[in-house]
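# Examining the three-dimensional arrangement
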Amino acid sequence: MRLFIIFLILTFSIQSWTKADDIRDFEIEGMSIGNSLLDFYTQEEIDSNKNYYPNSKKFFRSILPAKTDNFERVQVHIKENDQNYTIHAVSGLIFFIDKKNSKNDCLKMHEEIKKEISSMLKNIKPTKQEKKIIEHDETGNSVHYPIYYDFNDSGTEYVKLDCVIYGKEYFEKHRFFDHLRLAFQDEEYSNWLQNEAY
């Protein structure tokens, strides 16, 4: 029942994307690329949840409680020392706590949302869904199932739908829960993530 309710909520929120033709037209929890995160959260809320990637502090991420029922958390990426807290990437996260069923539940929701997004973004062909190893899990047991809707044909501005399934060892060490992620990001952040962050 929970999956059905979440799917209905997400379908309703995604319907606002039907006229989107630029990555900045998309919203998650009301937030878009280029908005100030300070319009949605206090500076204290953002800074107290600040995390960095291993090899660069050019951008930081904050994982914050969602303010609606669409998602459980939002993950937002901001440039370090940007006084305006301009959003360069935003993700909505839904967690699957029951490890026994999390993969099947996540992939089921993933498939339904993919159909909905594809029907609205008819001019953008999604990438093929493939199972990929999560590189920063040295055991090789953590995987994800990303699909990209690329807005500039260079793989740097896109909508991403993903199921992230962590291996047992990685979960026990980091306590990261399996999750569905709906995200979008701008070109500057994408280039940094691919070339500098890890």
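Source: prediction; values computed, not measured.

A word on helix H5 (residues 187-195). Within H5 the residues assigned to the buried category are Tyr189, Ser190 and Trp192. Considered in projection along H5, the buried side chains sweep an arc of 165 degrees and stay on one side of the axis. Residues of H5 that are exposed and angled more than 90 degrees away from the buried face: Gln194 and Asn195. Taken together, the buried residues of H5 touch strand E2 (59-65), strand E3 (73-79), strand E4 (87-96), strand E8 (158-165) and strand E9 (178-185). A side-chain oxygen of the first residue of H5 lies 3.4 Å from the backbone nitrogen of Glu188; this N-cap is Asp186.

What follows deals with the pairing of E8. The side chains of a regular strand alternate between the sheet's two faces. Most of E8 is tucked away: eight of the eight residues are buried. Burial along E8 is two-sided: the residues Tyr158, Lys160, Asp162 and Val164 and Val159, Leu161, Cys163 and Ile165 are all buried. Pairing geometry for strand E6 (residues 143-144) and E8, over two bridges, is antiparallel. Residue Val143 lies in a different strand from E8, and its bridge partner there is Ile165. Both strand E7 (residues 147-150) and E8 contribute to a ladder of four bridges, which runs antiparallel. In the sheet register, Asp150 faces E8, and the bridge partner there is Tyr158. Of the pairings in the sheet, the one linking E8 to E9 comprises seven bridges and is antiparallel in character. Directly across from Val159, in E9, lies its bridge partner Phe184.

On average, residues of the chain score 86 in pLDDT, and 88% of them are at 70 or above. Segment residues 1-9 is flagged for pLDDT under 50; beyond a separation of four residues in sequence, or across chains, it makes 12 contacts in the model.

So, on to the nonpolar core. Met31, Leu37, Val76, Val159, Leu180 and Phe184 are the most contacted members of the largest nonpolar core, which has 38 residues in total. When residues of this core are traced back to their parent elements, those giving at least two are E2, E3, E4, helix H3 (102-120), E7, E8 and E9. Leave out the neighbours within four places in its chain, and Val76 touches Met31, Leu37, Phe60, Arg61, Ser62, Ile87, Ala89 and Val90.

With 10 of 10 residues buried, E4 lies mostly within the body of the structure. Sheet topology places E3 next to E4; six bridges connect them, and they run antiparallel. Following the sheet pairing, Gln75 is matched in E4 by Ser91. Examined bridge by bridge, E4 and E9 share eight bridges and lie antiparallel to one another. Counterpart to Ile94 in the pairing with E9 is Leu180.

Cut-offs and rules
- Residues numbered from 1 in each chain as written.
- Predicted model: local features only at pLDDT ≥ 70, side-chain atom pairs only at ≥ 80, totals over all residues.
- Heavy atoms only, no water.
- Buried < 20%, exposed > 50% of the residue type's maximum accessible area, 1.4 Å probe, protein only.
- Helix = DSSP H or I, 4+ residues; strand = E, 2+ residues; numbered from the N terminus.
- Arc of directions from axis to C-beta.
- Contact = heavy atoms within 4.5 Å.
- Polar contact = N/O pair within 3.5 Å; in protein donor to acceptor, adjacent residues only side chain to side chain.
- Pairing = 2+ DSSP bridges.
- pLDDT = per-residue confidence, 0-100.
- Core = buried A, V, L, I, M, F, W, Y, C linked by side-chain atoms within 4.5 Å.

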